[in-house]
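# Overview (structure and organization)
Residues per chain, in single letters:
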Amino acid sequence: MRKHLLTLAITLALPAFAHADAIQAGNGIAVVQTQSGTVQGYIHRDILTYKGIPYATAARFMPPQKVANWQGEKLALTYGDVCPQVPMGGRSFFFAGPEMPESEQCLNLNIWAPKKNDGDKRAVMVWIHGGGFQSGASNDLHSYDGENLARTGDVVVVSVNHRLNAMGYLDLSAYGGPYKDSTNVGMQDLVAALEWVKANIDQFGGDPNNVTIFGESGGGAKVLTLMAMPSAKGLFHKAVVQSGAVEKIGMTLTPQKTSQRVTELTLKNLGVDKNSLAKLNGFTPNQINDAANKALKQTAEEQKITPVRGTGGYGLSWAPSLDGRLIPQEPVGEKYPDIAKDIPLLIGSNFAEWESFPLQLDLANAQKSNRFTWSEAEVNKRLQSKYGKQTEAVVNAFQAAYPNRLKADALYVDSFLRAPALKTARIKAEQRGAPVYNYLFAWDTPVFNGVPMSYHTSEIAFVFNNIQKMAQATGGGQAAQALADKMSRAWTNFAKTGNPNGEGLPQWDAYTPENGKTMIFDNQPEVKAHHDQKLQRLLAPNLNF
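A quick note: this is a predicted structure, and the numbers were derived from the prediction, not measured. (Residues numbered from 1 in each chain as written. Predicted model: local features only at pLDDT ≥ 70, side-chain atom pairs only at ≥ 80, totals over all residues. Heavy atoms only, no water.)

### Brief notes about the sheet that holds strand E2 (residues 31-33)
A sheet is described by the order of its strands in space; here 3 strands give the open sequence E2-E3-E6, paired in mixed fashion. Unpaired on one side and paired on the other, E2 and strand E6 (73-75) mark the two borders of the sheet. Strand-to-strand twist of the sheet, defined as the mean angle between neighbouring strand axes without regard to direction, takes the value 30°. Where E2 lies against strand E3 (residues 38-40), 3 bridges are found, and the strand directions are antiparallel. (Pairing = 2+ DSSP bridges. Helix = DSSP H or I, 4+ residues; strand = E, 2+ residues; numbered from the N terminus. Axes fitted to C-alpha atoms, helices over the stretch in contact; angles between N-to-C directions.)

Below is the structure:
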């Protein structure tokens, strides 16, 4: 039996001068034995923290392998390197995060765990970051910090880095040999991380038989993908998808004929012959991604693939390949995968999402000219410009769905993520297995007079109970904190039991196509039935939800 060092470490006498809010670190403090070796973290406000623990290692384009055992104590005090990125752009005042060193030695994870010597095993919540399948990291935003969620929710929080873009999804499987298992190595990384959690998390006070995966945007898409992967079955028991249900990226995936054509063109763009694939190791990740991004565009034009968002023309984004083996079926096709039948799902999106994002990129003007300053004539002109002959119907449906909102808010209501979330919820509910719960985050930030509204990623600070860490985005006020207490409690309740109901919230019934129940998170959360169904059918007429 492995020696459990956690109890020993956390019960060591601390210096008399140690302040309750001080970080406690030093010889013998927060030391834990993992299968690969001993790690040393630190303690802050009764939360054990470990950063940058390697969970796997991998050669370029190869599946992840177990980390070699190490001798002595490995310091786990700072975040590890993040995986090579393809920038998505769009940084703004509301998206705050650290500068992060990149390298291909990036398969690492972070853990926050309550320092309690009670012998209980706590629910585990594994966070999968956003950024599509091309960028992002476990510490991309300050809102991802797991300390407060671990403390207030009494759970163990884990966040993970994994390979992205061409470095994670260049499909070389057609060339066989050492590359036969190269498809979707980014998703294989996540499976390896969950295997590490199953094998080691009990040493940190977590319950390996009660693991929830949760993620936002691209992280939510990865959650959906994991639910369709036989290799991930049994490694998690509940799932949360925040603003991550999108067809072609997560709900449905890239056909292998497309992913293999992208690879063929990438090699051509790099001047690499299919019989000389070892030459790929001579290029930097940036060089490979430049060639691959060109190949994405070339393939989209050849195969007439429309972009995920209907912006006209042709376009293709990084996503896992539907390879028929690692991922044998669409995560959300016409029916939910049978292997996910017993996995409870919590899924939702935000009121504005990307619709208000252009305002953040032009705050100098947006703070002076916005929905609060426009005349009724200006509002009507903008509505007509956006919705054309549907304007009257959209406005009427919007005002019925959101009677307390401004008419101008109809300019920013999201359907790109809301309608697919409803479709996913319907298909999951029709499986007649574990329940699915649907939500809508509709809390508008007070910062910049509320101009950005409830934008993409804005709910994350509430889920993680990080209102103060993200004060520049949340305002840091009492209303925000009160809502964060309720939302984070709902998420941790769901992680513990599969049911998000709890103190401070109205009764939240599982979603069915018949009841259409959605929890609307605002200053006063409320549950409504089919409240925006008519509106969403106008905005997304081709989506069967």
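### A short note on the packing of aromatic side chains
Going through the model one piece at a time under the given rule, you end up with 19 aromatic pairs. Between Phe351 and Phe398 the ring centres are 6.1 Å apart and the planes differ by 55°, which places this aromatic pair in the tilted class. In this pair, Phe351 sits in the loop between strand E14 (345-350) and helix H8 (357-360) while Phe398 sits in helix H11 (residues 391-401), placing the two residues 47 residues apart along the sequence. Phe398 shares its class with Phe351; the two are buried. For the pair Phe351 and Tyr402, a centre-to-centre distance of 5.1 Å together with 85° between the ring planes defines the contact as edge-to-face. Of this pair, Phe351 sits in the loop between E14 and H8 while Tyr402 is found in the loop between H11 and helix H12 (418-430), placing the two residues 51 residues apart along the sequence. One exposure class covers both Phe351 and Tyr402, and it is buried. A cation over an aromatic ring shows up here: Lys74 above the ring of Trp70, its NZ or CZ 4.8 Å from the ring centre. (Phe/Tyr/Trp six-rings, centres within 6.5 Å; stacked < 30°, edge-to-face > 60°. Buried < 20%, exposed > 50% of the residue type's maximum accessible area, 1.4 Å probe, protein only. Lys NZ or Arg CZ within 6 Å of the ring centre and 35° of its normal.)

### What about the side chain of Gln242?
Among the structural elements, Gln242 can be located in strand E11 (residues 238-242). On the basis of relative accessibility, which here comes to 0%, the residue Gln242 falls in the buried class. With sequence-adjacent residues up to four places away left out, Gln242 is seen in contact with Trp127, Phe214, Gly215, Glu216, Ser217, Gly348, Tyr439, Glu459, Ile460, Val463 and Trp491. (Contact = heavy atoms within 4.5 Å.)

### Considering the state of the cysteines
Two cysteines joined by a covalent bond between their sulfur atoms form a disulfide. For the coordinates displayed, the defined rule picks out 1 disulfide. Paired by a disulfide, Cys83 and Cys106 hold their sulfur atoms 2.1 Å apart. Residues Cys83 and Cys106 are joined through a disulfide that is right-handed, its torsion about the S-S bond being 95°. Here Cys83, found in the loop between E6 and strand E7 (108-114), pairs with Cys106, found in the loop between E6 and E7; they are 23 residues apart in sequence, far enough to count as distant. A residue is classified by how much of its surface remains accessible, and Cys83, at 2% relative accessible area, is buried. Given the relative accessible area of 1%, Cys106 is considered buried. (Disulfide = S-S within 2.5 Å.)

### Some points on helix H6 (residues 256-270)
End to end, H6 covers 21 Å across 15 residues, agreeing with the expected 21 Å (1.5 Å per residue, within 8%). For H6, the set of buried residues is Thr258, Ser259, Val262, Thr263, Leu265, Thr266, Leu267 and Leu270. For H6, the elements touching its buried residues are strand E12 (254-255), helix H7 (285-303) and strand E13 (321-322). One or two positions beyond H6, positive phi appears at Gly271, with a value near 75°. (Expected span 1.5 Å × (residues − 1).)

### A closer look at the nonpolar core
Within soluble globular proteins, side chains that are nonpolar tend to cluster in buried spots. Formed by 98 residues in total, the largest nonpolar core has its most connected members in Tyr50, Ile111, Val158 and Leu226. Counting residues per element, this core draws most heavily on helix H4 (residues 185-200), at 8 residues. Two domains each provide a minimum of three residues to this core, namely domain 1 (25-253 + 323-343) and domain 2 (348-539). Excluding anything up to four places from it in sequence, Val158 contacts Leu109, Asn110, Ile111, Val124, Met125, Val126, Trp127, Val197 and Ile201. One finds Val240, Trp443, Tyr455 and Phe494 within the second-largest nonpolar core, a separate group that totals 42 residues. (Core = buried A, V, L, I, M, F, W, Y, C linked by side-chain atoms within 4.5 Å. Domains from an automatic or database assignment.)

### A short note on the domain arrangement of the protein chain
Along its sequence, the protein chain is organised into domain 1 (25-253 + 323-343) and domain 2 (348-539). The distance between the C-alpha centroids of domain 1 and domain 2 comes to 27 Å. Between domain 1 and domain 2, the residue contacts involve 50 residues of the former and 47 residues of the latter. Summed over the three residues of domain 1 that lose the most area to domain 2, namely Phe94, Ser143 and Ser243, the buried surface amounts to 18% of that side. Linking domain 1 with domain 2 are 1 salt bridge. Residue Glu247 pairs with Lys423 through a salt bridge whose shortest N-O separation is 2.7 Å. Put simply, domain 1 and domain 2 have 22 residue pairs in polar contact (both at pLDDT 80 or more) between them. (Buried area = accessible area lost by both parts, 1.4 Å probe. Salt bridge = Lys/Arg side-chain N within 4 Å of Asp/Glu carboxyl O. Polar contact = N/O pair within 3.5 Å; in protein donor to acceptor, adjacent residues only side chain to side chain.)

### Some remarks on the pairing of E7
Counting buried residues along E7, 7 of its 7 residues qualify, which places the element largely inside the surrounding structure. Covered by surrounding structure in E7 are Asn108, Asn110, Trp112 and Pro114 together with Leu109, Ile111 and Ala113, the residues of both alternating faces. As paired elements, strand E5 (residues 47-54) and E7 share 6 bridges and run antiparallel to each other. Along E7, the bridge assignment pairs Pro54 with Asn108. Both E7 and strand E9 (residues 156-160) contribute to a ladder of 4 bridges, which runs antiparallel. Opposite Leu109, over in E9, you have Val160 as the bridge partner.

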